[in-house]
Amino acid sequence: MNSRSVAVVGTREPSEDGIRRARKLVQALVKDGFTVVSGLAKGIDRVAHETAIEAGGRTIAVIGTPISHAYPAANRALQEMIARSSS
């Protein structure tokens, strides 16, 4: 992608305050034109991707599995949504 990007990663077991702060940060990054990059793990990574999408921004998921395999399985729909939005 030809845009500025920033990685947003964090704990897999965030507090409500951590989730709120991550959402606020990602909303600001999207507003400023950044592409949000994260790892598609549960917790803050998932929050970062979902918030970027909700805010109308771009997001890239860095995964450690084959593209045909969703890990964690709970993020399968999110992985598919990100894949569809980039095509």
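See the structure shown above.
Going along each chain's sequence as written, the residues are numbered from 1 onward. pLDDT decides what is reported in this predicted model: residues at 70 or higher carry local features, side-chain atom pairs at 80 or more are listed and counted, and totals for whole chains, interfaces and linings draw on all residues regardless. Water and hydrogen atoms play no part in the side-chain values, which are based on all heavy atoms of the structure.

A. Seen up close, the overall build of the protein chain. Note on conventions: DSSP H or I runs of at least 4 residues are helices, E runs of at least 2 residues are strands, and numbering of each starts at the N terminus. Looking only at helices and strands, the protein chain has 3 helices and 3 strands in total. In the protein chain, the order of α-helices and β-strands from amino to carboxyl end is β-α-β-α-β-α. For the protein chain, whose C-alpha radius of gyration is 12 Å, the value lies close to the compact-globule estimate of 12 Å for 87 residues. Once the C-alpha set of the protein chain is aligned to its principal axes, its extents read approximately 30 × 30 × 20 Å. Residue contacts follow a heavy-atom distance rule, with two residues in contact if any of their heavy atoms lie within 4.5 Å. Contacts in the protein chain between residues far apart in sequence, at least 24 positions, make up 66% of those at least 6 positions apart. When we talk radius of gyration, it's over C-alpha atoms, and the globule rule is simply 2.2 Å times the number of residues to the 0.38.

B. Fine view of the side chain of His 49. Looking at the secondary structure, you find His 49 in helix α2 (residues 44–54). Assessed through its relative accessible area of 0%, His 49 is described here as buried. Nitrogen and oxygen atoms within 3.5 Å of one another constitute a polar contact, given that in protein one can donate a hydrogen and the other can accept it, and given that sequence-neighbouring residues count only through two side-chain atoms. At 3.3 Å, the side chain of His 49 and the backbone nitrogen of Leu 40 are in polar contact. Burial classes follow relative accessibility: with a 1.4 Å probe on protein chains only, a residue under 20% of its type's maximum area counts as buried, one over 50% as exposed, and anything between as partly exposed.

C. Local environment of the packing of helix α1 (residues 16–31) against α2. Where α1 contacts α2, the axes come no closer than 9 Å and their chain directions differ by 40°. Between α1 and α2, the angle falls in the class oblique. Considering the relative orientation of α1 and α2, their crossing is right-handed. Counting all contacts with α1, which are made through Gly 18, Ile 19, Ala 22, Arg 23, Val 26, Gln 27 and Val 30, the residues of α2 involved are Ile 44, Val 47, Ala 48, Glu 50, Thr 51, Ala 52 and Glu 54. Of the residues in the contact of α1 with α2, the class split is 8 nonpolar, 3 polar and 3 charged. Comment: axis = line fitted to C-alpha atoms, over the contacting stretch for helices; angle = value between 0 and 180 degrees taken between N-to-C directions. Orientation labels follow simple angle bins: below 35 degrees gives roughly parallel, above 145 gives roughly antiparallel, 65 to 115 gives roughly perpendicular, and whatever is left gives oblique. Crossing chirality is assigned from the near helix's rotation relative to the far helix, an anticlockwise turn below a right angle marking it left-handed and a clockwise turn marking it right-handed. Throughout, the ten residues Ala, Val, Leu, Ile, Met, Phe, Trp, Tyr, Cys and Pro are labelled nonpolar, Asp, Glu, Lys and Arg are labelled charged, and all others, Gly among them, are labelled polar.

D. The arrangement of the pairing of strand β3 (residues 58–61) in detail. Note that strand β2 (residues 35–38) and β3 share 4 bridges and pair parallel. Opposite Thr 35, over in β3, you have Arg 58 as the bridge partner. Handedness of a crossover is defined as follows: orient the strands so they point away from the viewer, and if the path from the first strand over the helix to the second runs clockwise, the crossover is right-handed. The handedness of the β2 to β3 crossover, carried by α2, is right-handed. For two strands to be treated as a pair, DSSP must find at least two bridges joining them.

E. Fine view of the nonpolar core. For our purposes a nonpolar core is just a set of buried Ala, Val, Leu, Ile, Met, Phe, Trp, Tyr and Cys residues, chained together by side-chain atoms within 4.5 Å. Formed by Val 8, Ile 19, Ala 22, Val 26, Leu 29, Val 30, Phe 34, Val 36, Ile 44, Val 47, Ala 48 and Ala 52, the largest nonpolar core amounts to 12 residues. Contributions of two or more residues to this core are made by α1 and α2. Take this core: its biggest share by element is 5 residues, from α1. Excluding residues within four positions of it along the chain, Ala 22 makes contact with Ile 44 and Val 47.

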